[in-house]
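Here are the chains, one letter per residue:
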Amino acid sequence: MTLNEKIIVSAYTGVLMCDFSDVHKYIQEKLGRPVWTHELAYHDVREEIKEATKSDFMTD
């Protein structure tokens, strides 16, 4: 599995497979805004991340 695939899977599933800073950067790029780490505990933010990353998850 490539690093990029690990980042996508980590963001989509919430299961960390690589360095968190890479996943955090990807999430912020996909959402188009800064994301504070405490936001990752909120269900609605997790759903927002899942929806924003779904197309990458399904194709990569």
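Now for a quick tour of the structure.

### Considerations on the overall build of the protein
Point 1. In terms of helices and strands, the protein carries 3 helices and 0 strands.
Point 2. Here the C-alpha atoms of the protein give a radius of gyration of 10 Å, agreeing with the 10 Å that 2.2 N^0.38 yields for 60 residues.
Point 3. Principal-axis analysis of the C-alpha atoms gives the protein an extent of 30 × 20 × 20 Å.
Point 4. Within the protein, the fraction of its 60 residues that count as buried is 32%.
Point 5. Of the contacts made within the protein by residues no fewer than 6 positions apart, 34% connect residues no fewer than 24 positions apart.
Point 6. When the accessible surface of the protein is split by element, carbon and sulfur atoms take 55% of a total near 4,000 Å².

### Side note on helix α1 (residues 3-13)
Point 1. For α1, the set of buried residues is Ile-7, Ile-8, Val-9, Ser-10, Ala-11 and Tyr-12.
Point 2. The secondary structure elements touched by the buried residues of α1 are α2 (20-31) and α3 (43-59).

### Thoughts on the packing of α1 against α2
Point 1. Close contact between α1 and α2 brings their axes to 9 Å; oriented N to C, the two are set at 70°. The pairing of α1 with α2 is recorded here as roughly perpendicular in orientation. In this structure, α1 meets α2 at a crossing whose hand is right-handed. Contacts from Leu-3, Ile-7, Ile-8, Ser-10 and Ala-11 of α1 reach α2 at Asp-22, Val-23, Tyr-26 and Ile-27.
Point 2. Considered class by class, the residues forming the contact of α1 with α2 number 7 nonpolar, 1 polar and 1 charged.

### Digging into the pattern of salt bridges
Point 1. All chains considered together, the criterion is met by 3 salt bridges.
Point 2. Salt-bridge contacts for Asp-56 lead to Lys-30; the nearest nitrogen and oxygen are separated by 3.1 Å. Here Asp-56 is found in helix α3, whereas its partner Lys-30 is found in helix α2, with 26 residues between them in sequence.
Point 3. The salt bridge partner of Glu-39 is Arg-33, with a shortest N-O separation of 3.1 Å.

The rules behind these values
Residues numbered from 1 in each chain as written. Predicted model: local features only at pLDDT ≥ 70, side-chain atom pairs only at ≥ 80, totals over all residues. Heavy atoms only, no water. Helix = DSSP H or I, 4+ residues; strand = E, 2+ residues; numbered from the N terminus. Rg over C-alpha atoms; globule rule 2.2 N^0.38 Å. Buried < 20%, exposed > 50% of the residue type's maximum accessible area, 1.4 Å probe, protein only. Contact = heavy atoms within 4.5 Å. Areas by Shrake-Rupley, 256 points an atom, 1.4 Å probe, with all protein chains shown as cover. Axes fitted to C-alpha atoms, helices over the stretch in contact; angles between N-to-C directions. Parallel < 35°, antiparallel > 145°, perpendicular 65-115°, else oblique. Left-handed = near helix turned anticlockwise from the far one by under 90°. Nonpolar A, V, L, I, M, F, W, Y, C, P; charged D, E, K, R; others polar. Salt bridge = Lys/Arg side-chain N within 4 Å of Asp/Glu carboxyl O.

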